[in-house]
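Structure at a glance
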Amino acid sequence: MTKAATLLLSCPDRPGLVATVTQRLYELGANITHADQHLDRQAQMFFQRIQFELPADAPAWPAIEAQLAPTLDALHMTWSLIPAERIKRTAILVSRQDHCLYDLLLRQRQGELRTIYTCVISNHPDTRPVAESFGLPFHHLPVTPETKAAQEAELLRLLRDYEVDLVVLARYMQILSGDFLARFGRPIINIHHSFLPAFSGERPYHRAYERGVKLIGATAHYVTEELDAGPIIEQDVTRTSHTDEIDDLIRKGRDLERLVLARAVRLHLQDRVLTYRNKTVVFG
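To keep things clear, this report deals only with the structure shown in the data block. Worth saying up front: this structure is predicted, and the values here are computed from it rather than measured. (Residues numbered from 1 in each chain as written. Predicted model: local features only at pLDDT ≥ 70, side-chain atom pairs only at ≥ 80, totals over all residues. Heavy atoms only, no water.)

**Quick word on the pairing of strand 3 (residues 45-55)**
Most of strand 3 is tucked away, with 8 of its 11 residues classed as buried. As judged from the 9 bridges shared by strand 2 (residues 31-40) and strand 3, these two strands associate in the antiparallel manner. Residue pairing for strand 3: Asp 40 is matched across the bridge by Met 45. Counted along the chain from strand 2 to the antiparallel partner strand 3, the turn is 4 residues long, and its residue Gln 44 has a positive phi close to 55 degrees. (Buried < 20%, exposed > 50% of the residue type's maximum accessible area, 1.4 Å probe, protein only. Helix = DSSP H or I, 4+ residues; strand = E, 2+ residues; numbered from the N terminus. Pairing = 2+ DSSP bridges.)

**Quick look at the packing of aromatic side chains**
Enumeration according to the criterion identifies 3 aromatic pairs in this entry. The interplanar angle of 75 degrees and the centroid separation of 6.2 Å between the aromatic rings of Phe 52 and Trp 61 together place this pair among those described as edge-to-face. Among the residues examined, Trp 61 registers a relative accessible area of 8% and is labelled buried. The interplanar angle of 15 degrees and the centroid separation of 6.1 Å between the aromatic rings of Phe 180 and Phe 184 together place this pair among those described as stacked. Taken together, the residues span about one helical turn, with Phe 180 and Phe 184 both in helix 6 (residues 178-184) at a distance of 4 residues. (Phe/Tyr/Trp six-rings, centres within 6.5 Å; stacked < 30°, edge-to-face > 60°.)

**Some thoughts on the side chain of Asn 123**
With respect to the secondary-structure elements, Asn 123 resides in the loop between strand 6 (116-122) and helix 4 (128-133). Of the polar contacts made by the side chain of Asn 123, one reaches the side chain of His 124; its length is 3.5 Å. Among residues more than four places away in sequence, those in contact with Asn 123 are Val 94, Ser 95, His 140, Leu 141, Pro 142, Val 143, Tyr 172 and Gln 174. (Polar contact = N/O pair within 3.5 Å; in protein donor to acceptor, adjacent residues only side chain to side chain. Contact = heavy atoms within 4.5 Å.)

**So, the pattern of salt bridges**
With the rule as written, the count across this model stands at 19 salt bridges. One salt bridge in this structure joins Lys 88 and Asp 271, with 2.7 Å as the shortest N-O distance. Here Lys 88 is found in the loop between strand 4 (78-83) and strand 5 (89-94), whereas its partner Asp 271 is found in the loop between helix 8 (246-269) and strand 12 (273-276), with 183 residues between them in sequence. By relative accessible area, which is 13% here, Asp 271 ends up buried. Here Arg 183 ties to Asp 179 by a salt bridge, and the two come within 3.6 Å at their closest N and O atoms. Within this pair, Arg 183 and its partner Asp 179 are both found in helix 6, separated by 4 residues, close to a single helical turn. Members of the salt-bridge network, linked through shared partners, are Asp 103, Arg 107, Glu 112 and Arg 266. (Salt bridge = Lys/Arg side-chain N within 4 Å of Asp/Glu carboxyl O.)

**A look at the pairing of strand 6**
In terms of burial, strand 6 is a largely internal element, 6 of the 7 residues being buried. As paired elements, strand 5 and strand 6 share 6 bridges and run parallel to each other. Bridged to Ala 91 within strand 6 is Cys 119. For the crossover that starts at strand 5, traverses helix 3 (residues 99-109) and ends in the parallel strand 6, the hand is right-handed. Relative to strand 7 (residues 138-140), strand 6 runs parallel, the two being bridged by 3 bridges. Residue pairing across strands places Val 120 opposite Phe 138, the latter belonging to strand 7. Of the crossover connections in this fold, the one passing from strand 6 over helix 4 to the parallel strand 7 is right-handed. (Right-handed = clockwise from strand over helix to strand, strands pointing away.)

**Points about the nonpolar core**
In terms of nonpolar packing, the biggest core is built from 31 residues, with Leu 104, Leu 105, Ile 189, Leu 261 and Val 265 touching the most fellow members. Secondary structure elements with two or more residues in this core: strand 5, helix 3, strand 6, helix 4, strand 8 (166-169), strand 9 (188-192), strand 10 (215-222) and helix 8. Dropping the residues within four chain positions of it, Leu 261 is found in contact with Cys 100, Leu 104, Val 168, Leu 169, Ala 170, Ile 189, Ile 191 and Ala 220. Leu 9, Ala 30, Leu 54 and Ala 58 belong to the second-largest nonpolar core, a separate cluster that totals 21 residues. (Core = buried A, V, L, I, M, F, W, Y, C linked by side-chain atoms within 4.5 Å.)

**Remarks on unusual backbone geometry**
Here the phi dihedral of Gln 44 falls at roughly 55 degrees; this positive angle occurs in a residue that is not glycine. You can see Gln 44 is positioned in the loop between strand 2 and strand 3. Given the relative accessible area of 40%, Gln 44 is considered partly exposed. Even without being glycine, Arg 277 reaches a positive phi, approximately 50 degrees. Tracing the backbone through its elements, the reader meets Arg 277 in the loop between strand 12 and strand 13 (279-282). Judged by relative accessible area, Arg 277 falls into the exposed class, the value being 63%.

Below, the structure written as structure tokens:
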């Protein structure tokens, strides 16, 4: 019997980083089962993801963290230790369109996404039957410009009550305020129906049609205060032609949105994403 964890770390590059970290894990009795690393030469930043196992009778994870801390902190590392048994709790925010919501719920039911869905929250009542058909609580929080502050306060209360680790915006067509983002302080993943940075903001399919593009795309990114400008996790594209009408672009785009969002959520849930300088390192 063993217990497993993932160690994520980043720091300014220097010789001996891999040797120092792996030696410390060895001294703690760890068996490394997988390791990935990346060096951004321009930024001179080092990134690593290590999966390892310990004997079942090893000390509890807080004690392991305390034993790792002096070594990692001395190397000026930003790091986190994520036990394998820890399952992240996810809330899904959605407006009227339900294609991404359905896809996320089905993938979790089929075992593709290792998470606990806590609730579905929407500014419209349309997706209540979808949430309830999967046995999830549904919360309708309508919002107008005049009620936005109060709505976000209630949204924050719900997320805290459900002890949410991750929020997924599955076509939640609202901009979250900087104050809300700062107070929530945890990752939020959004799906944007365009290959960012092209056609950010509203009605990207309509603008793509007007421009006559030959490719359309979808982008999953972490949410920041700047609209559609957060660190990109995953993207994909599909071809279009002069015969495609706007409805064709929307249909093709929805297929991409489902796939790209699911990939990004999976990568995050598997602790494969590190962010820096508004960019990501994604370990496949």
